[in-house]
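These are the residues of each chain, in order.
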Amino acid sequence: EDQVTQSPEALRLQEGESSSLNCSYTVSGLRGLFWYRQDPGKGPEFLFTLYSAGEEKEKERLKATLTKKESFLHITAPKPEDSATYLCAVQARSGAGNQFYFGTGTSLTVIP
Amino acid sequence: DTGVSQDPRHKITKRGQNVTFRCDPISEHNRLYWYRQTLGQGPEFLTYFQNEAQLEKSRLLSDRFSAERPKGSFSTLEIQRTEQGDSAMYLCASSLPQGSGNTIYFGEGSWLTVV
């Protein structure tokens, strides 16, 4: 069964304190892995798509990496405005391949 | 910026009433998705359209739920005889045709509270 697990569930960081969020997945053929940011009461905002192991993407203070079993979202020198829930999703090659399976997210709080 | 648009953003309804949500996808996107999200959980897949054809439905989608995309543009999600367990945020997402990129882009969601 296709599955996505994110850890930790919650993370509190001091401003400037770098850290990483983890997304472990089991999927019958990965079509793509996606990272989203979600602010309270709003829809998920797209951050990155990764397609194959070894791929990396960067945007401002965020960097996403992918292996065959997991993805990391590295946050360098975070600021309070980075506080949000970060969601990971995978799209499988199995079946019609149109379902995206989401983890439950990591709630990040950056303290000034 | 014409992203995915959802209406209404918030709906409070009494148990047993019917509600309908509308989604307008990004204009060049022919694929449209509905998801449901409850507090502390990730979005759960409900259904998927390619153009006007509904190609996939989740087991979560009971017979009280119906979705349409009559002309391959906007979509509606109707919930009949609402129950308190239907309280959630209903998210619509869209993406380009297959082969042009897999990324799905979400709207701001429609919050449903059943009282």
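Structure first, text after, so check above.
Chemist: Got a sec to walk through the sheet that holds strand 1 (residues 5-7) of chain B? Specific residues and values, please.
Modeler: Residue and element names in this part refer to chain B. Spatial strand order, 1-3-8-7: four strands in an open sheet with antiparallel pairing. With one partner strand each, in any of the chains shown, strand 1 and strand 7 (65-68) form the two edges of the open sheet. Neighbour-to-neighbour, the strand axes of this sheet turn through a mean angle of 15°, independent of strand direction. With three bridges joining them, strand 1 and strand 3 (residues 19-24) adopt antiparallel strand pairing. Paired with Gln6 across the two strands is Cys23, which belongs to strand 3.

Chemist: Quick rundown of the state of the cysteines? Include the residues and the values.
Modeler: Two cysteines whose sulfur atoms are joined by a covalent bond form what is called a disulfide. With the rule as written, the count across this model stands at two disulfides over all chains. With its sulfur 1.9 Å from that of its partner, Cys23 of chain A forms a disulfide with Cys88 of chain A. A torsion of -60° about the S-S bond marks the disulfide between Cys23 of chain A and Cys88 of chain A as left-handed. Of this pair, Cys23 of chain A sits in strand 3 (residues 19-26) while Cys88 of chain A sits in strand 9 (residues 84-92), placing them 65 residues apart in sequence. Each member of the pair, Cys23 of chain A as well as Cys88 of chain A, carries the same accessibility label: buried. Shown here is the disulfide that connects Cys23 of chain B with Cys92 of chain B, its sulfur atoms set 1.9 Å apart.

Chemist: Tell me about the interface of chain A and chain B, and please be specific about residues and values.
Modeler: Chain A puts 21 residues into the contact, and the matching count from chain B is 24 residues. Where chain A abuts chain B, roughly 1800 Å² becomes buried across the two surfaces, and 50% of that area is made up of carbon and sulfur atoms. One can count zero salt bridges joining chain A with chain B. Where chain A packs against chain B, one counts seven residue pairs in polar contact (both at pLDDT 80 or more). For the side of chain A that touches chain B, the secondary-structure elements that each account for two or more residues are strand 4 (30-38), strand 5 (45-50), strand 9 and strand 10 (100-102) of chain A. Broken down by element, the residue count for the side of chain A that touches chain B peaks at four residues, all from strand 4 of chain A.

Chemist: Let's hear about the sheet that holds strand 8 (residues 70-75) of chain A: which residues, and what values?
Modeler: What links the strands of a sheet is backbone hydrogen bonding, and the strands pair in either a parallel or an antiparallel sense. Residue and element names in this part refer to chain A. What the five strands build is an open sheet, ordered 1-3-8-7-6; its pairing is antiparallel. The sheet is open, and its two edges are formed by strand 1 (3-7) and strand 6 (56-59), each paired on a single side. Across this sheet, the average inter-strand angle for adjacent strands is 15°, counted without regard to direction. Pairing geometry for strand 3 and strand 8, over six bridges, is antiparallel. By the bridge assignment, Cys23 is partnered in strand 8 with Ser71.

Chemist: Just give me the short version of the pattern of salt bridges, but keep the residues and values in it.
Modeler: All names here are of chain B. In total, this model carries seven salt bridges over all chains according to the counting rule given. The salt bridge partner of Asp24 is Arg22, with a shortest N-O separation of 2.8 Å. Accessibility expressed as a relative area gives 27% for Asp24, which makes it partly exposed. Note that Asp86 and Arg64 form a salt bridge whose closest N and O atoms lie 2.8 Å from each other. Of this pair, Asp86 sits in the loop between strand 8 (75-79) and strand 9 (88-95) while Arg64 is found in the loop between strand 6 (53-57) and strand 7, placing the two residues 22 residues apart along the sequence.

What counts and what doesn't
Position labels on residues start from 1 in each chain and follow its written sequence. Ligands are numbered from 1 and chains lettered from A, in the order in which they are written. A pLDDT threshold of at least 70 governs which residues receive local features in this predicted model, and a stricter bar of 80 or more applies before side-chain atom pairs are shown or counted, although totals over entire chains, interfaces and linings include all residues. Side-chain calculation: all heavy atoms of the structure are included, whereas hydrogens and water are not. Should DSSP find at least two bridges between two strands, the strands are regarded as paired. Segments assigned H or I by DSSP are reported as helices when at least four residues long, segments assigned E as strands when at least two residues long, and all are numbered from the N terminus. Every axis corresponds to a line fitted to the C-alpha atoms, with the helix fit spanning only the stretch in contact, and the corresponding angles, defined between N-to-C directions, vary from 0 to 180 degrees. The criterion for a disulfide is a pair of cysteine sulfur atoms lying within 2.5 Å. Under the scheme applied here, a residue whose accessible area is under 20% of the maximum for its type counts as buried, over 50% as exposed, and between as partly exposed, the area being computed with a 1.4 Å probe on protein chains only. Working rule for contacts: check all heavy atoms of both residues, and any pair within 4.5 Å makes them a contact. Summed over both partners, the accessible area (1.4 Å probe) lost when two parts come together is defined as the buried area. Throughout this description, the term salt bridge denotes a Lys or Arg side-chain nitrogen within 4 Å of a carboxyl oxygen of Asp or Glu. Two N or O atoms count as a polar contact when they lie within 3.5 Å, although within protein this holds only if one can serve as hydrogen donor and the other as acceptor, and sequence-adjacent residues are included solely when both atoms are side-chain atoms.

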